[in-house]
Amino acid sequence: MPLYAAIDIGSNSVRMEAAEVTPRANGALPSIRVLASERQVTRLGASVFRTGSVSPEAMDFVCASLANMAQTYKRLEPVAIRAVATSAVRDARNQQEFLARVSAAAGTPVEIISGQEEARLIHMGVQSRWPHPKQRVLMIDIGGGSAELILSDSGRILLAASKQLGALRLSELFLRSEPPKPTELHRLDEYIEERLASAVRRIGTLPIHRVIATSATAAAVVCAVNQVPRAKRDFSDRLRASTAQIRALYGLLSSSTLEQRRKVVGIGPRRAEIIIPGTAVLLRVLKDLSLPSLYYSVAGVRDGVIADLALRSTGRAAIQMSRDQRDMVEAMATRYCVSMKHVRKVAKMAVDLFVALEPLHKLSPSFGRLLEAAAHLHDIGHFISDTRHHKHSFYVVLNSDMPGFTERERQVIANLCRYHRKAPPSVEHANWQPLDAEARRAVMLLSPLLRIADNLDRSRGQRVKSLECTIRPSEVVIKLHANRDVDLDAWATERAGEFFQQVYDRPIVLSRTRA
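Rules and cut-offs
Positions within a chain are numbered from 1, following the residues in the order the chain's sequence is written. With pLDDT at 70 or above as the cut-off, local features in this predicted model cover only qualifying residues; side-chain atom pairs require 80 or more to be listed or tallied, and sums for whole chains, interfaces and linings still use all residues. The side-chain values count all of the structure's non-hydrogen atoms but skip hydrogen atoms and water molecules. Secondary structure follows DSSP: runs of H or I at least 4 residues long count as helices, runs of E at least 2 residues long count as strands, and numbering of each begins at the N terminus. The atom set for the radius of gyration is the C-alpha atoms, and the globule formula is 2.2 Å times the number of residues raised to the power 0.38. Relative accessible area decides the class of each residue, using a 1.4 Å probe on protein chains only: under 20% of the type maximum gives buried, over 50% gives exposed, and in between gives partly exposed. Here a residue-residue contact requires only that any non-hydrogen atoms of the pair lie within 4.5 Å. Values of accessible area rely on a 1.4 Å probe in the Shrake-Rupley scheme; residue burial ignores everything except the protein chains shown. We treat Lys and Arg as the positive residues and Asp and Glu as the negative residues; His and chain ends play no part in the count. Lys charges are placed at NZ, Arg charges at CZ, Asp charges at CG and Glu charges at CD. By this definition, two strands are paired if DSSP reports at least two bridges between them. An axis is simply a line fitted to the C-alpha atoms; with a helix, the fit covers only the stretch in contact. Between two such axes, the angle follows the N-to-C directions and lies from 0 to 180 degrees. Nonpolar core, defined: a set of buried Ala, Val, Leu, Ile, Met, Phe, Trp, Tyr and Cys residues in which side-chain atoms within 4.5 Å join the residues together. Each salt bridge in this description consists of a side-chain nitrogen of Lys or Arg and a carboxyl oxygen of Asp or Glu lying within 4 Å of one another. Any N or O atom pair separated by 3.5 Å or less is treated as a polar contact, with the protein-specific requirement of one donor-capable and one acceptor-capable atom, and with residues adjacent in sequence counted only for side-chain atom pairs.

1. Re the overall build of the protein chain
Part 1: Helix and strand content of the protein chain: 20 helices and 14 strands.
Part 2: Expected size for 515 residues packed as a compact globule is a radius of gyration near 24 Å; at 25 Å, the protein chain falls within 12% of this value.
Part 3: Based on the C-alpha atoms only, the size of the protein chain along its principal axes is roughly 80 × 45 × 45 Å.
Part 4: Residues classed as buried in the protein chain amount to 58% of the 515 residues present.
Part 5: Across the protein chain, every contact between residues at least 6 apart in sequence was considered, and the portion connecting residues at least 24 apart equals 70%.
Part 6: For the protein chain, the accessible surface area stands at approximately 21400 Å², while carbon and sulfur atoms represent 49% of it.
Part 7: Across the protein chain, the mean location of the 72 positive side-chain charges is 3 Å away from that of the 53 negative side-chain charges.

Take a look at the structure:
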């Protein structure tokens, strides 16, 4: 079974996980068997929330922790690894220096992910460790810097909200006394309520079958309620805590000193420092939505990263977008009023071309997903202006939050949109400069395919039902299956074929047959 590794650089701790994955039937998320897991409390966000930057001391500590974790995962030889940084690094002024240093320490590039991507990965992690294929589930993750609320129905995300309500962040903002003063607690609760209000309104009165809380805060709360010692926390997975029990626990914690909180069963000495605001967030969500209880899950971002890596590397899924990715790009295309019939047809033909022409372009299958995404989004620039719409498409994609895609992938998609018409890529173009060599090669090889697919539906009538490609030594023959007149589409495609010939050093020849 393939093995993958994940690193999650959070505001309060750094986690590493390496796991084997087993595919499930019907496209469900794979199951995960953890082989190695490490966690180190770093309090990375403390300096960021106070000063706006990661302190030198925190940076050194995180790098040392990552270097140790890297030794563990490298011994296991994972087929792929992804390292992500979340809330505190999103806010840090010196994030570029931080990314350079931690990437070197971890032995792999570290990327900053958005709150929406963080929520998506949490959802994938929970569904892979504790599937809920038929139920509506509310997931709550209380991190050090942010809190994510994810409403999921039958395995699909209905709502994902990321709020700056992490336990460490709130502790730095509001709590100064031991035990906290009533005024501090009141301000904390008012702030949490105000920040959660929009998400609570959006969820409304929808029936929720189960609430699942993740993260160390949730683990501590559930362990404390169920009198599970920290040494046996691994046995707390899927344990329940009622709202009444959490309310009583919050009353105890918020009236206790730090030393008293450290003596509460299930709450460790470091967690005791920030457990009050974390518990306050959990309690406020349950109260505002009139929910009776929650369950704890050991899953988290790291599990979602591993499940995502596995899906990206399996069979046809390596070439085509995942369900989450397709939902996201189709929602984005709809938001900008593109013709969904057109872009779906273009996407289908672009992927068919990608598969058929693999002997020529020799690109990794993962680039097929990016081509498919660009096919869905290449026309969104029309929303701004019909003039130079390809450039507007580039700008919108580049500056949009696209959960399911990395920053590098978003850059490739944006450039494919930019070059789906008009001038080919050039070193003189400012948008070309940030791309690495592999990304440039991919955009150069894929943009002719997107142009051909787009022009094969020039009439916007989906007249071409399907296509076949035959690679010959001196040409590429594309046979069009259609039952209507495709003269306009063929004319436009032949013109687009000029760029294809420049890139692939052979012309395209069109032939037609009735579908």
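This is not the end of the story, as more comes after the structure.
2. Focus: the sheet that holds strand β13 (residues 475-482)
Part 1: The 3 strands lie next to each other as β12-β13-β14, forming an open sheet whose pairing is mixed. Of all strands in the sheet, those with a lone pairing partner are β12 (464-472) and β14 (508-514), marking the two edges. The sheet shows a mean angle of 20 degrees between the axes of neighbouring strands, direction not considered.
Part 2: Sheet contacts for helix α14 (residues 340-356): β12 and β13; angle to β12, the most-contacted strand, approximately 20 degrees.

3. A word on the sheet that holds strand β3 (residues 31-41)
Part 1: Read from one edge of the open sheet, 5 strands run β3-β2-β1-β4-β5, paired in mixed fashion. Of all the strands in the sheet, the pair left with one neighbour each is β3 and β5 (110-112). Each neighbouring strand pair of the sheet contributes to a mean axis angle of 20 degrees, computed without reference to strand direction.
Part 2: Where strand β2 (residues 13-22) and β3 come together, 10 bridges link them in antiparallel fashion. What sits directly across from S13, in β3, is V41.
Part 3: Packing of helix α2 (residues 56-76) onto the sheet brings it into contact with β1 (3-9), β2, β3 and β4 (80-85), and relative to β3 it is tilted by some 155 degrees.
Part 4: Helix-sheet contacts for helix α5 (residues 115-129) involve β2, β3 and β4, and the interaxial angle to β3 is about 130 degrees.

4. Concerning the nonpolar core
Part 1: Core analysis: the biggest nonpolar cluster contains 62 residues, and L377 and I413 have the highest contact counts within it.
Part 2: The contact partners of I413, leaving out residues within four places of it in the chain, are L370, A373, A374, L377, V397, M402 and F405.
Part 3: The next biggest cluster of nonpolar side chains, apart from the first, holds 51 residues, and it includes A280, L283, L291 and L294.

5. Some remarks on the pattern of salt bridges
Part 1: What the rule picks out here adds up to 34 salt bridges.
Part 2: Between R82 and D308 there is a salt bridge, with the nearest N and O atoms lying 3.7 Å from each other. Pair noted here: R82 is in strand β4 and D308 is in helix α12 (residues 301-312), with a separation of 226 residues, a long-range link. You'll find R82 and D308 in the same group, each marked buried.

6. Observations regarding the side chain of E20
Part 1: The residue E20 is located in strand β2 in this model.
Part 2: A relative accessible area of 16% means that E20 is categorised as buried.
Part 3: Polar contacts involving the side chain of E20 include one to the side chain of R33, which spans 2.7 Å.
Part 4: Every residue in contact with E20, bar those within four places of it in the chain, is listed here: M1, P2, L3, S31, I32, R33 and L35.

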